[in-house]
Amino acid sequence: MNNNYRNLSDEDLLHRIALKQDREAFGVLYQRYLHLTLGMCIKYLKTGEAAKDATQVIFVKLWTDVHQHQVRKFKPWFYQVIKNHCLMELRKKDPNQKIVAEWDMELMEYDETLHHKLSEEQLILNLNLCLRALNAEQKKCIEHFYLEQKSYNETALLTGFSDKNVKSYIQNGRRNLKNCLKQKIAHLLD
Amino acid sequence: MNNNNDKILQILDQSACLSKGQLMGYLKRNLYPEELRTVELHLSSCALCSDALDGLSSIPNTEALLASVVLPTLPAVVLPEKPIEKKPEVKVEAAPRPTLKKRHSKAEQVTAAFQQQEIETPVVQKVNWLKPLGIAAGLIIVAGTIWYFQFGPGKSKDIFTAETETAESNLMADNATPTDSIQPEVMAIRDSTDMALEKKGEDSLFLLAKDKERRLREKDSLNNIAAIAKDTSVTLIAAAKGKDTNMPQAAMAAPSEQTVSAKKLAETEDTEQDKKEQKSEKSDFELGMQQYKNNNFASALLYFKTAESDDKNPKHWEAVYYCGMCSKSLDKKRRAIKYFERIVEANAPQTKAAQKQLDDLKGQ
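Note that the coordinates shown come from a computational prediction; the quantities given were computed from them, not determined experimentally.

Visitor: Would you take a moment to explain the overall build of chain B for this structure?
Guide: When its secondary structure is counted, chain B shows 14 helices and zero strands. Helices and strands in chain B line up, N terminus first, as α-α-α-α-α-α-α-α-α-α-α-α-α-α. By residue count, 32% of the 364 residues in chain B fall in the buried class. Sequence-distant contacts in chain B: of pairs separated by 6 or more residues, those separated by 24 or more amount to 56%. Here chain B displays about 23900 Å² of accessible surface, and carbon together with sulfur accounts for 56% of that area.

Visitor: Help me understand the overall build of chain A in this model?
Guide: Of regular secondary structure, chain A possesses 10 helices and zero strands. When its helices and strands are written in sequence order, chain A yields α-α-α-α-α-α-α-α-α-α. By sequence separation, contacts in chain A at least 24 residues apart represent 56% of the contacts at least 6 residues apart. As displayed, chain A has an accessible area near 10400 Å², and 48% of this comes from carbon and sulfur atoms.

Visitor: It is not clear to me how the packing of aromatic side chains should be interpreted in this structure. Could you clarify?
Guide: Two measures describe an aromatic ring pair: the distance that separates the ring centres and the angle between the ring planes. Considering all chains together, one arrives at 23 aromatic pairs over all chains under this definition. Sitting over the face of the ring of F145 of chain A, R37 of chain B holds its NZ or CZ atom 4.6 Å from the ring centroid.

Visitor: What exactly am I supposed to notice about unusual backbone geometry here?
Guide: The bulk of non-glycine residues show a negative phi, and the bulk of peptide bonds are trans. One non-glycine residue, K46 of chain A, adopts positive backbone phi at about 75 degrees. Relative to the helices and strands, K46 of chain A is located in the loop between α3 (23–45) and α4 (48–65). Taking relative accessible area as the criterion, K46 of chain A reaches 63% and is therefore assigned exposed. For N295 of chain B, which is not a glycine, the phi torsion comes out positive at approximately 65 degrees. With respect to the helices and strands, N295 of chain B occurs in the loop between α10 (246–293) and α11 (297–308).

Visitor: What am I meant to see in the pattern of salt bridges here?
Guide: Proximity of charged atoms lets side chains of opposite charge pair with each other. Residue and element names in this part refer to chain B. Counted by the stated rule, this structure contains 11 salt bridges over all chains. Its salt-bridge partner being R342, residue E308 comes within 3.0 Å of it at the nearest N-O pair. Linking E308 in helix α11 with R342 in helix α13 (residues 333–345), this pair joins segments that are 34 residues apart in sequence. Classification of R342 as partly exposed rests on a relative accessible area of 33%. Put simply, K315 and E318 hold a salt bridge, and the shortest N to O gap is 3.8 Å. For K315, a relative accessible area of 33% gives the class partly exposed.

Visitor: Where do I start with the interface of chain B and chain A in this structure?
Guide: Size of an interface, as often reported, equals the accessible area lost when the parts are brought together. With 53 residues of chain B in contact, the opposing surface of chain A contributes 56 residues. Taken together, the two surfaces of chain B and chain A that pack against each other cover about 5000 Å², and 65% of this comes from carbon and sulfur. If you look at where chain B meets chain A, you find three salt bridges. Across the side of chain B that touches chain A, the residue classes break down as 32 nonpolar, 14 polar and seven charged.

Visitor: Explain the state of the cysteines to me, please; I cannot follow it from the model alone.
Guide: Evaluation of the coordinates by the stated rule reveals one disulfide over all chains. Cysteine C41 of chain A is unpaired, with the sulfur of C86 of chain A as its nearest cysteine sulfur at 3.9 Å. C323 of chain B carries a free sulfur, and the closest cysteine sulfur to it, the one in C326 of chain B, is 6.7 Å from it.

Visitor: Help me understand helix α12 (residues 316–329) of chain B, please; the structure alone is not making it clear to me.
Guide: An α-helical turn contains 3.6 residues, so a residue and the one three or four places further along point in the same direction. Residue and element names in this part refer to chain B. Here α12 spans 20 Å end to end across 14 residues, near enough to the 20 Å set by a 1.5 Å rise per residue. For α12, a buried count of 12 out of 14 residues is recorded, marking the element as mostly surrounded by other parts of the structure. The complete set of buried residues in α12 reads H316, E318, A319, V320, Y321, Y322, C323, G324, M325, C326, S327 and K328. Of the residues flanking the end of α12, it is D331, one or two places downstream, whose phi is positive at about 65 degrees.

Visitor: I keep staring at helix α8 (residues 136–147) of chain A and nothing clicks. Help me out?
Guide: Residue and element names in this part refer to chain A. Here α8 is 12 residues long and its end C-alpha atoms lie 15 Å apart, about the 16 Å a rise of 1.5 Å per residue gives. Considered for burial, the residues of α8 that qualify are Q138, C141, I142, H144, F145 and Y146. Q149 lies just past α8 and shows a positive phi near 55 degrees.

Visitor: Please explain the side chain of H85 of chain A as it appears in this structure.
Guide: All names here are of chain A. Tracing the backbone shows H85 in helix α5 (residues 74–93). Take H85: its relative accessible area is 4%, and that puts it in the buried class. Other than its neighbours up to four places away in sequence, H85 contacts A54, V57, I58 and K61.

Visitor: Which parts of the structure should I look at to understand the packing of α3 of chain A against α4 of chain A?
Guide: Any two packed helices are characterised by the angle at which their axes cross and by the distance between the axes. Residues and elements named next belong to chain A. Put simply, α3 and α4 touch, their axes get as near as 9 Å, and they point 140 degrees apart. In terms of axis orientation, α3 runs oblique to α4. Handedness of the crossing formed by α3 with α4: right-handed. Contacts from R23, F26, L29, Y30, Y33, L34, T37, L38, C41, I42 and L45 of α3 reach α4 at A50, A51, K52, A54, T55, I58, F59, L62 and W63. Residues of the contact of α3 with α4, tallied by class, amount to 16 nonpolar, two polar and two charged.

Visitor: When you look at the nonpolar core in this model, what are you seeing that I'm missing?
Guide: Generally speaking, soluble globular proteins have nonpolar side chains that are buried together. The biggest cluster of nonpolar side chains holds 76 residues, and the ones touching the most others in it are Y33, L62 and F78 of chain A together with L48 of chain B. The greatest single-element share of this core, amounting to 14 residues, is contributed by α3 of chain A. Residues Y292, M325, I343 and A348 of chain B belong to the second largest nonpolar core, which totals 27 residues.

What counts and how
- Numbers given for residues are sequential positions, taken from 1 along each chain in its written order.
- Lettering for chains starts from A, numbering for ligands starts from 1, and both go in the order in which the items are written.
- Owing to the predicted nature of the model, reporting of local features is limited to residues with pLDDT of at least 70; listing and counting of side-chain atom pairs is limited to 80 or more, with chain, interface and lining totals taken over all residues.
- Computation of side-chain values covers all heavy atoms of the structure but excludes hydrogens and water.
- Helix and strand definitions here come from DSSP, where helices need a minimum of 4 consecutive H or I residues and strands a minimum of 2 consecutive E residues; each element is numbered from the N-terminal end.
- To sort residues, take the accessible area from a 1.4 Å probe on protein chains only and compare it with the maximum for the residue type: under 20% means buried, over 50% means exposed, and anything in between is partly exposed.
- The contact rule is simple, with two residues in contact once any of their heavy atoms fall within 4.5 Å.
- Every accessible area reported is derived by Shrake-Rupley at a probe size of 1.4 Å, with residue values counting cover from the shown protein chains alone.
- Only the six-membered ring of Trp is used, alongside the rings of Phe and Tyr, when aromatic pairs are assigned; centres must lie within 6.5 Å, and planes under 30 degrees apart are stacked while those over 60 apart are edge-to-face, with the rest tilted.
- In this scheme, the term charge over a ring applies when either NZ of a lysine or CZ of an arginine sits within 6 Å of the ring centre and within 35 degrees of the ring normal.
- For this analysis, a salt bridge means a side-chain nitrogen from Lys or Arg found within 4 Å of a carboxyl oxygen belonging to Asp or Glu.
- Accessible area that two parts lose when put together, with a 1.4 Å probe and added across both, is what the buried area reports.
- Note on residue categories: nonpolar means Ala, Val, Leu, Ile, Met, Phe, Trp, Tyr, Cys or Pro, charged means Asp, Glu, Lys or Arg, and polar means any other residue, Gly included.
- Cysteine sulfur atoms that pair up within 2.5 Å are treated as a disulfide.
- Multiply 1.5 Å by the residue count of a helix minus one, and that product is the helix's expected span.
- The axes used here are C-alpha line fits, helices contributing only the stretch in contact, and every angle between their N-to-C directions lies in the interval 0 to 180 degrees.
- Angle categories are assigned with fixed cut-offs, so that under 35 degrees is roughly parallel, over 145 is roughly antiparallel, 65 to 115 is roughly perpendicular, and the rest are oblique.
- The sense of a crossing depends on the near helix, which, turned anticlockwise from the far helix by less than a right angle, makes the crossing left-handed and, turned clockwise, makes it right-handed.
- Residues belong to a common nonpolar core when they are buried Ala, Val, Leu, Ile, Met, Phe, Trp, Tyr or Cys residues joined through side-chain atoms within 4.5 Å.

What follows is the structure, encoded as structure tokens:
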């Protein structure tokens, strides 16, 4: 595989696939995201075989349909493609089943970096303010993980929460912090 | 305080997604502590990797499953045709083109194909064909300019003028397009190459002046050295001849002072150079770590290789370890094994971690 392709960004590779049907670019993107796509499909479809088939279909869809979309950021777009496909497969299996709503609402955040909108000092100040506003569990986990540089395992031992809960608190806490920060930025820029 | 600020800002960081090696390493819990931290920081901010990890951790034999996934057969995709731009009709008289025989034959095929399709404006087709011709003429001019810079002013300029004339004559002979649209382009290209020629002349004069200055400086320094040497030899000779007790001492003092000052200069230069080198090596390792954290393993490997080139560097063995990790991530297993074996043989601080990586690689 051409080493130059490995240094291209996801968006550049996608652009080449869309414009020139570049198979080498597709190959690089495939290698980068195969394990992630398969893992996600296993999570939602529950079996290895179903996940394998879904992975293949998703990548073929990427190849055939990419020129129909204007993709600004590859990762969140691809995440949505995988999720939509898994949702479709689940509905095919059981049309009457109500798909669990929780992961429908989890949109992959891909915010533009907030660094450009505020100075570093303002960011830090507002982050600290927002951190205080979090609920106790999220605040504890975020402090242990980010400020004390503990691992997930260590944070779980210190807080007494399970590994799964620690991850969840950190992810949700992080999302809440970002939302709080966005509100503060909007307020400051008004 | 600054450390805390950096740590809190990590909440907003977004790095590149995890590689297969990192994800598998995390699942098997055989990551080096710094790498573990990088992976977990990323997992906290990336839903795609987080969901993938959840899925892969829920079934056994994930590696076997991954290996069994085959690259799908990609179907041919017909891209939508771009709409043909309608241009105003222009009266065109067909003219013979002796210099463009190959293209003429191709153009004949194309025009025949279009005639079959009963196109309303044959003029439009001829207009479209001249665009590539114009581009080709431009390319020839650019090639001529490059040739000129390589071989000198006189020859290339003649060629350039000849080329533009031929290009112009070709374009003039081809009456399908309105020539008004092509000539200004040629003039613009000519103007730009003239400016490039002038600039080149100015640049070369500037370079000559710089070179002259450098030579003068070197000459001055050589003269100074010669003067110093002359002085010392004169005083030594005088001391030998005169047999004056004071003179030899003075003679010895003068050169010794000069040698001491020269030595001091040399020493300070050496230490400055050492400092610069150390700084650059430190910064190479740091730069390598930055690239590594962003999963740019190829770039990271370059920096780590530079950092590990000096045995005296305190980060030398760490850099060797990361060279191994980068090679592993780039699927260069043999190279990775060599790096880790070096660490183990030298009984470096990273021996345990390196041994783990070796076991993993050899097991694969």
